[in-house]
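Inside the fold
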Amino acid sequence: MNRPGLIILRSALFNLYFFGLTVVLAVAGIFIRLFAPRRTLEYAQFWVRLVMAGLGRLCGIHLILSGEEHLPKTGPALIASQHQSAYDTLIWMILLPRPAYVLKKELQRIPLFGPLTGLGGMIAIDRDAGPAALRSLVRQTAAAVADGRQIVIFPEGTRTMPGEWRPLQPGIAAMAAATGFAVIPVVTDSGLRWGKRAFRKLPGPIHMTVLPPIPPGLKREALMRRLEAAFRGDLPDPVDNPVDAGPVIFPDRNRQDAHRA
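As a starting point, this report considers the structure included with it. (Residues numbered from 1 in each chain as written. Predicted model: local features only at pLDDT ≥ 70, side-chain atom pairs only at ≥ 80, totals over all residues. Heavy atoms only, no water.)

Orientation of helix α5 (residues 131-146) relative to helix α6 (residues 171-179), taken along the N-to-C sense of each, is 45 degrees, at an axis distance of 10 Å. In terms of orientation, α5 lies oblique with respect to α6. When the axes of α5 and α6 are compared, the crossing they make is right-handed. Touching L134, L137, V138, T141 and V145 of α5 are G171, A174, M175, A178 and T179, all from α6. Residues of the contact of α5 with α6, tallied by class, amount to seven nonpolar, three polar and no charged. (Axes fitted to C-alpha atoms, helices over the stretch in contact; angles between N-to-C directions. Helix = DSSP H or I, 4+ residues; strand = E, 2+ residues; numbered from the N terminus. Parallel < 35°, antiparallel > 145°, perpendicular 65-115°, else oblique. Left-handed = near helix turned anticlockwise from the far one by under 90°. Contact = heavy atoms within 4.5 Å. Nonpolar A, V, L, I, M, F, W, Y, C, P; charged D, E, K, R; others polar.)

Bringing the pairing of strand β3 (residues 99-104) into the picture now. Most of β3 sits inside the fold, with five of its six residues counted as buried. Inspection of the sheet shows β3 paired to strand β4 (residues 123-125) by three bridges, in the parallel sense. The residue bridging K104 from the neighbouring strand is I125, located in β4. Taking the sense of rotation as the criterion, the β-α-β connection linking β3, helix α4 (residues 113-119) and β4 turns out right-handed. (Buried < 20%, exposed > 50% of the residue type's maximum accessible area, 1.4 Å probe, protein only. Pairing = 2+ DSSP bridges. Right-handed = clockwise from strand over helix to strand, strands pointing away.)

With the rule as written, the count across this model stands at six salt bridges. A salt bridge links R149 to D147; the nearest nitrogen and oxygen atoms lie 3.6 Å apart. Relative accessible area serves as the criterion here: at 4%, R149 is assigned to the buried category. Here R166 ties to E164 by a salt bridge, and the two come within 3.3 Å at their closest N and O atoms. Ionic contacts of the salt-bridge type, sharing partners, join the residues R98, D147 and R149 into one network. (Salt bridge = Lys/Arg side-chain N within 4 Å of Asp/Glu carboxyl O.)

Another point: the environment of P37. Assignment of secondary structure puts P37 in the loop between α1 (4-35) and α2 (40-59). Put simply, P37 and L116 are 79 residues apart on the chain and 8.6 Å apart in space, counted from C-alpha to C-alpha. Ignoring sequence-local partners within four residues, the contact set of P37 consists of I32 and L119.

Attention now goes to the environment of W47. Looking at where W47 falls in the secondary structure, it is placed in helix α2. In this structure W47 comes out as buried when scored by relative accessible area, which is 16%. In this structure the C-alpha to C-alpha distance between W47 and T22, which are 25 residues apart in sequence, comes to 7.6 Å. Leaving out residues up to four positions away in the same chain, W47 has contacts with F18, L21, T22, L25 and L90.

Below, the discussion takes up the pairing of strand β2 (residues 77-81). In terms of burial, β2 is a largely internal element, five of the five residues being buried. Burial of the side chains of β2 extends over both faces: A77, I79 and S81 are buried on one face and L78 and A80 on the other. Pairing of β2 with strand β5 (residues 150-153), which is carried by four bridges, proceeds in the parallel orientation. Paired with I79 across the bridge in β5 is V152. Alignment of β2 against strand β6 (residues 183-188), held across four bridges, turns out to be parallel. Note that in β6 the partner of L78 across the bridge is V183.

This next bit is on the sheet that holds β3. In space, the seven strands of this open sheet follow the order β1-β7-β6-β2-β5-β3-β4, with mixed pairing throughout. Because the sheet does not close on itself, it has two edges, and the strands there are β1 (61-66) and β4. Looking at each pair of strands side by side, their axes are set apart by 25 degrees on average, direction ignored. Packing against the sheet, α6 makes contact with β2, β3, β5 and β6, and its axis sits at approximately 165 degrees to β2.

Listed below in structure tokens is the structure:
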């Protein structure tokens, strides 16, 4: 079932599906921009659900989520997630009710897709702007909180492979100080299935563990140490509290199969 040739074929089919779907929905997104801009976030969530359904059916990748009790059901929150894969930039769109990603401003220049990120309430930052970027981050964070959004930031700043460590970017500390919110750390092993710039998508589970929130009010250095320790810690047993995320998780696969994959 997991022969290399079959994995390559299934990965190729998924890539065709992913890019074809994205082009079609990006073109259709012109009508969302013109006639229903308030539905942009829902439209993006619809796109991600289709992508995840295809990823599961074509590549055999499914999510096992632990610590779901630490995620907000409603209202604003601040989530700091590890970033190993393009998967991480997709999945939060359907794990949270009203997510707002912190993303690099260059993405807004992508034809068709880029303008939708602004309408969807994403937080775009010019990473070359120096101190002005941090001020913009704090200002946009305040607006997202006022709108009741759950803010997702990837403090590593770029995709980092499993076992690879990078200094965390300080933006998360500025956001925590400005909002007074706890920081919810999330660890993942998504890079084992969908690697950085990898063509092949390897079948099996992606584990994501939502860790207990880091309490508010910590000084910057203390917060960054706690967050780094959370990212470097051993991943807890990921199948004690599996959560059904619609098309993302395939419940017919049992716990033993998940550990074998």
